[in-house]
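Fold and contact review
Residue strings, one per chain:
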Amino acid sequence: MNSQILPGATLGMLGGGQLGRMFTVAAQTMGYKVVVLDPDTNSPAGIIADQHICAAYDDQQALSEMADLCAAVTTEFENIPAQTLAFLEQKTTVRPSSKALAQTQNRNVEKQFIASLGIATAPFLPIRSRDDIAQADGTIGFPAILKVATFGYDGKGQVPCDSLDDVYIAFDALGEKECVLEQRIKLDREVSVVLARSETGSVTNFPVAENVHINGILHSTTVPASVSSEQSEKAIQMANQIAQGLGYIGTMAVEFFVSTDGDIIANEIAPRPHNSGHYTLDACRTSQFEQQVRMLCGLPSGDCDLVTPVIMINILGDVWGNTQPNWDSLLTEPNVKLHLYGKQEARVGRKMGHFNVLAADTASAMAQADRLFDALQGE
Ligand code: ATP
Ligand code: MG
């Protein structure tokens, strides 16, 4: 049965970061109320929500309150304990499911799931104890990367390794936590697919996005991506297969490597809207956040077509001095849209906002984006 949750209803968001904030804006724009649960008193989403429940993600009393208030609950953060979603599932509609989320919380589980679908991943080996490391000999080529299996983001908890000896040292340095050892792929480029899947299993795909990372953090997203139509179709097909395999309902993303051999290799799944989908806010007919609202509520999906070529540039706390940067360089450009997340404290590497450059073609957008990014680095 396809039961719709109509505007006027209250929706729940687990997590109060920028993704939750942009969901909240989209939901409120469509006439919904939003309750955000986040332990931070000043979270970007909590401060604009209709109601902020300031509590830990495992606070059952707070979760019960949320379930009572909300017709449906979603999340912006893959590290919400899966048990939290399972608890809420007994009381209200939860999308994506606790089961889908659980598959993406641990890099080993996630990679084994992707591989079980017959989709290529970087050669990998779960490392749960020192004894596992020897198995890498001859199976995982170097250079490689040792990554903590849980709670990594923006390249945190990752150590490059050039030899088996390096892996032992890195495993110690990471506190002997469960890890995955991954062969380093020779990258031609990186792309991602943001998609939305409905409760009836129909999927809408946003255009394939091309991503550049600096120091493990997303720097820019360019759309259309400069990959062949064959590569683009392959990435979309793989992402759809993953969404279907998860029984996913909502907006999600899959990150891919494009190897120098031209192969498309799945990197990781984001069970939520994705930073590389922020371009959709200004360049697509429907944003990834509006689509998240539509999927959560069982509404028809929006059109994902690209209206204009676009480049998204992340704004990190690095460009804050004692005060915020002068935004005039961005605000005076007619084809640039600035988005800030309302975070009170700027820190190096912290995502504070982004801007989208809309242009006739990606080459001119790129030149302008580079110039504007340099201008923000400041005086
Ligand atoms: P985020 O949360 O920002 O997506 P993350 O911490 O989950 O990042 P990954 O996506 O695993 O980390 O890695 C971050 C970046 O490091 C990748 O986008 C890629 O540029 C590089 N990288 C990671 N693993 C590999 C690999 N096996 N081969 C080549 N490059 C890699
Ligand atoms: Mg990643």
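Conventions and cut-offs
Residues numbered from 1 in each chain as written. Chains lettered and ligands numbered in written order. Predicted model: local features only at pLDDT ≥ 70, side-chain atom pairs only at ≥ 80, totals over all residues. Heavy atoms only, no water. Pairing = 2+ DSSP bridges. Helix = DSSP H or I, 4+ residues; strand = E, 2+ residues; numbered from the N terminus. Contact = heavy atoms within 4.5 Å. Axes fitted to C-alpha atoms, helices over the stretch in contact; angles between N-to-C directions. Donors = N, O, S within 2.8 Å, 3.2 Å for Na, K, Ca; no water. Buried < 20%, exposed > 50% of the residue type's maximum accessible area, 1.4 Å probe, protein only. Near = heavy atom within 4 Å. Polar contact = N/O pair within 3.5 Å; in protein donor to acceptor, adjacent residues only side chain to side chain. Areas by Shrake-Rupley, 256 points an atom, 1.4 Å probe, with all protein chains shown as cover. Nonpolar A, V, L, I, M, F, W, Y, C, P; charged D, E, K, R; others polar. Parallel < 35°, antiparallel > 145°, perpendicular 65-115°, else oblique. Left-handed = near helix turned anticlockwise from the far one by under 90°. Right-handed = clockwise from strand over helix to strand, strands pointing away. Domains from an automatic or database assignment. Phe/Tyr/Trp six-rings, centres within 6.5 Å; stacked < 30°, edge-to-face > 60°.

Reading across the sheet, the five strands line up as S3-S2-S1-S4-S5 and stay open at both edges, with parallel pairing between neighbours. Whereas interior strands pair on both sides, the edge strands pair on one side only; in this sheet they are strand S3 (51–53) and strand S5 (93–94). Both strand S4 (residues 72–75) and S5 contribute to a ladder of two bridges, which runs parallel. Bridge assignment links Val73 to a residue of S5, and that residue is Val94. Strands strand S1 (10–14), strand S2 (33–37), S3 and S4 of the sheet are contacted by helix H2 (residues 60–69), whose axis makes an angle of about 155° with S3. The strands that helix H10 (residues 288–297) touches are S1 and S4; relative to S4, the one it contacts most, it runs at about 140°.

With that out of the way, let us pick up the coordination of the magnesium ion (ligand 2). Coordination sphere of the magnesium ion (ligand 2), protein contribution only: Glu255 (OE) and Glu268 (OE), at 2.0 to 2.1 Å. Taken together, the residues span a long stretch of sequence, with Glu255 in strand S14 (residues 250–259) and Glu268 in strand S15 (residues 264–270) at a distance of 13 residues. Classification of Glu255 as buried rests on a relative accessible area of 13%.

What follows deals with the environment of Gly298. In this structure, Gly298 sits in the loop between H10 and strand S16 (310–316). For the pair Gly298 and Gly378, spaced 80 residues apart in the sequence, the C-alpha separation amounts to 45 Å.

It is worth spelling out the site of ligand 1 at this point. In the vicinity of ligand 1 there are 19 residues, among which Lys147, Gly155, Glu190, Glu255 and Glu268 approach most closely. Separating a nitrogen atom of ligand 1 from a backbone N or O atom of Ile185 is a distance of 2.9 Å. Within the side chain of Asn267, one N or O atom sits 2.9 Å away from an oxygen atom of ligand 1. Considered on its own, ligand 1 offers 610 Å² of accessible surface; in the complex 91% of this is hidden by protein. Sorting the residues of the shell around ligand 1 by element identifies strand S7 (144–148), strand S9 (179–183), strand S10 (187–197), S14 and S15 as the ones contributing at least two each. The class makeup of the residues in the shell around ligand 1 is five nonpolar, six polar and eight charged.

Quick look at the packing of H2 against helix H3 (residues 82–89) now. The interhelical angle for the contact between H2 and H3, taken along N-to-C directions, is 45°, at an axis separation of 10 Å. Classified by the interaxial angle, the pair formed by H2 and H3 is oblique. Along this stretch, H2 crosses H3, giving a crossing that reads as right-handed. Contact residues: H2 offers Gln60, Leu63, Ser64 and Ala67, while H3 offers Thr84, Phe87 and Leu88. Classifying every residue of the contact of H2 with H3 gives four nonpolar, three polar and no charged.

Before going further, it helps to examine the pairing of S2. Across the five residues that make up S2, a large majority, four, are buried. Taken together, the five bridges between S1 and S2 define a ladder with parallel strand orientation. Looking at the pairing, Met13 lines up with Val36 of S2. Handedness of the crossover joining S1 and S2 through helix H1 (residues 18–29) is recorded here as right-handed. Sheet topology note: the S2/S3 ladder contains three bridges and is parallel. Looking at the pairing, Val36 lines up with His52 of S3.

Buried accessible area, meaning the area lost when the parts come together, often serves as the stated size of an interface. Entries for the chain in the domain assignment read domain 1 (10–94), domain 2 (123–183) and domain 3 (187–376). Distance between the C-alpha centres of domain 1 and domain 2: 34 Å.

Two aromatic rings are characterised by how far apart their centres lie and by the angle between their planes. Considering all chains together, one arrives at two aromatic pairs under this definition. Considering the side-chain rings of Tyr57 and Phe77, the 6.4 Å spacing of their centres and the 45° angle between planes classify their relative orientation as tilted. Of this pair, Tyr57 sits in the loop between S3 and H2 while Phe77 sits in the loop between S4 and H3; the two residues are 20 residues apart in sequence, bridging distant segments of the chain. Centre to centre, the rings of Trp320 and Trp327 are 5.6 Å apart; their planes meet at 65°, and the pair counts as edge-to-face. Residue classification places Trp320 among the partly exposed positions, given a relative accessible area of 22%.

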